[in-house]
Amino acid sequence: MATDLHELLKSLRVWDPEVTELPPFDTAAAPDDPLTLFTDWFARAVAAGQREPHTMTLATADEDGLPDARIVMLHGADAGGWSFATHATSRKGRQLAARPYAALTFYWPVLGRQVRVRGPVTSAPSAEAQADLHARSTGALAAALTGRQSRPLSSPEELAEASQAAWEQARADPTAESPTWTLYHLRPDEVEFFQGDARRQHARLLYRRRTDSDWERGLLWP
């Protein structure tokens, strides 16, 4: 039986109280810098049981300015920016080389929260990227060693063969390097925190960078 998409959409509920808590957000009491608030919200999402809270949407633009987006993993966040990694030769790597500016979006539905981050992107030194890769799992190293990300694939068998070889290499040499693996840092110009509200009086707090360590804050209409 074919699924009626419109009927299916009508059946869905946003922020079902059985699985979602919408905590209050006192924007006036928010810290002076967004990283402190992000760290607190991230920890609360983990404590609330949010699955894969470290996944985020990475939005980039190609050479023609056309948008592109995909889900990636957060590798860290500090004074240097929000970090993620990929191959420099991948589609997103090529887009960042052409237009080194991006946006990130975190969505934690268990708390009805979003965080949006955007700003210029720089690549870390190769040694830092390799150290980050080697701190991850054997599977992550094997995937990086497989390479060829975003290139045309002739068959599933070709992938299986390359992946098997990469797994064997990763197990035999946990310090093997992937030359194109790149760690990127997004240094935000803006960070927005969104807290959902059951009456749709959502709270949106926007941080805009003034200087390296100074931010201005303001509210946005939902």
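As the structure is a computational prediction, the values presented were derived from the model and not from experiment.

A. Structural view of the overall build of the protein. Helices and strands together make up the secondary structure of the protein, namely 6 helices and 10 strands. In the protein, buried positions account for 37% of the 222 residues. Sequence separation of at least 24 residues holds for 65% of the intrachain contacts in the protein that already meet a minimum separation of 6. Of the roughly 13300 Å² that the protein leaves accessible, carbon and sulfur atoms contribute 52%. Seen as two clouds, the 24 positive and the 30 negative side-chain charges of the protein have centres 4 Å apart.

B. Spatial organisation of the layout of surface pockets. Computed from the structure, the largest pocket encloses a volume of approximately 480 Å³. As for the largest pocket, its lining consists of 24 residues, of which H87, A143, G147, Q149 and W181 are closest to the centre. Sorting the residues of the lining of the largest pocket by element identifies β2 (67-73), β4 (81-87), α5 (138-146) and α6 (156-172) as the ones contributing at least two each. Of the residues in the lining of the largest pocket, the class split is 12 nonpolar, 6 polar and 6 charged.

C. Seen up close, the pattern of salt bridges. Counted under the stated rule, the structure contains 12 salt bridges. Between D68 and R70 there is a salt bridge, and its shortest N-O distance comes to 3.4 Å. Residue class for R70 comes out buried when judged on its relative accessible area of 16%. Sharing partners across several salt bridges, the network here consists of D68, R70 and R91.

D. A look at the environment of F194. Take F194: it is sitting in strand β8 (residues 190-195). Distance in space between the C-alpha atoms of F194 and L133 is 31 Å, their sequence separation being 61 residues. Apart from the residues within four sequence positions on either side, F194 is in contact with W15, W41, G112, R113, Q114, H202, A203 and R204.

E. Structural detail: the packing of α5 against α6. Remark: α5 packs on α6, axes separated minimally by 8 Å, with the N-to-C direction vectors making an angle of 125 degrees. One element, α5, and the other, α6, form an angle in the oblique class. You can see that α5 and α6 cross each other, and the crossing is right-handed. Residues T138, G139, L141, A142, L145 and T146 of α5 form the contact with α6, whose participating residues are A162, S163, A166, W167, Q169, A170 and R171. Split by residue class, the contact of α5 with α6 holds 7 nonpolar, 5 polar and 1 charged.

F. Looking closely at the pairing of β4. Of all the 7 residues making up β4, 7 are buried; the element is thus mostly covered by neighbouring parts of the structure. Both strand β3 (residues 76-78) and β4 contribute to a ladder of 3 bridges, which runs antiparallel. Each residue of the ladder has a partner; that of G76, found in β4, is S83. Where β4 meets strand β7 (residues 181-186), 6 bridges bridge the pair, whose relative direction is antiparallel. By the bridge assignment, H87 is partnered in β7 with W181.

G. Looking closely at unusual backbone geometry. With a phi close to 80 degrees, S150 is a non-glycine residue in the positive phi region. Here S150 is to be found in the loop between α5 and α6. The class of S150 is partly exposed, set by a relative accessible area of 44%. Of note in the backbone geometry, R200 takes a positive phi value of approximately 65 degrees without being a glycine. Secondary-structure assignment places R200 in the loop between β8 and β9 (203-209).

Rules and cut-offs
- Residues numbered from 1 in each chain as written.
- Predicted model: local features only at pLDDT ≥ 70, side-chain atom pairs only at ≥ 80, totals over all residues.
- Heavy atoms only, no water.
- Helix = DSSP H or I, 4+ residues; strand = E, 2+ residues; numbered from the N terminus.
- Buried < 20%, exposed > 50% of the residue type's maximum accessible area, 1.4 Å probe, protein only.
- Contact = heavy atoms within 4.5 Å.
- Areas by Shrake-Rupley, 256 points an atom, 1.4 Å probe, with all protein chains shown as cover.
- Lys, Arg positive; Asp, Glu negative; His and termini not counted.
- Charge placed at Lys NZ, Arg CZ, Asp CG, Glu CD.
- 1 Å grid on protein atoms, 1.4 Å probe; cavity = no way out; pocket = protein on both sides within 12 Å on 5 of 7 lines; lining within 4 Å.
- Points joined across faces, edges and corners; volume = space filled by probe spheres on them.
- Nonpolar A, V, L, I, M, F, W, Y, C, P; charged D, E, K, R; others polar.
- Salt bridge = Lys/Arg side-chain N within 4 Å of Asp/Glu carboxyl O.
- Axes fitted to C-alpha atoms, helices over the stretch in contact; angles between N-to-C directions.
- Parallel < 35°, antiparallel > 145°, perpendicular 65-115°, else oblique.
- Left-handed = near helix turned anticlockwise from the far one by under 90°.
- Pairing = 2+ DSSP bridges.

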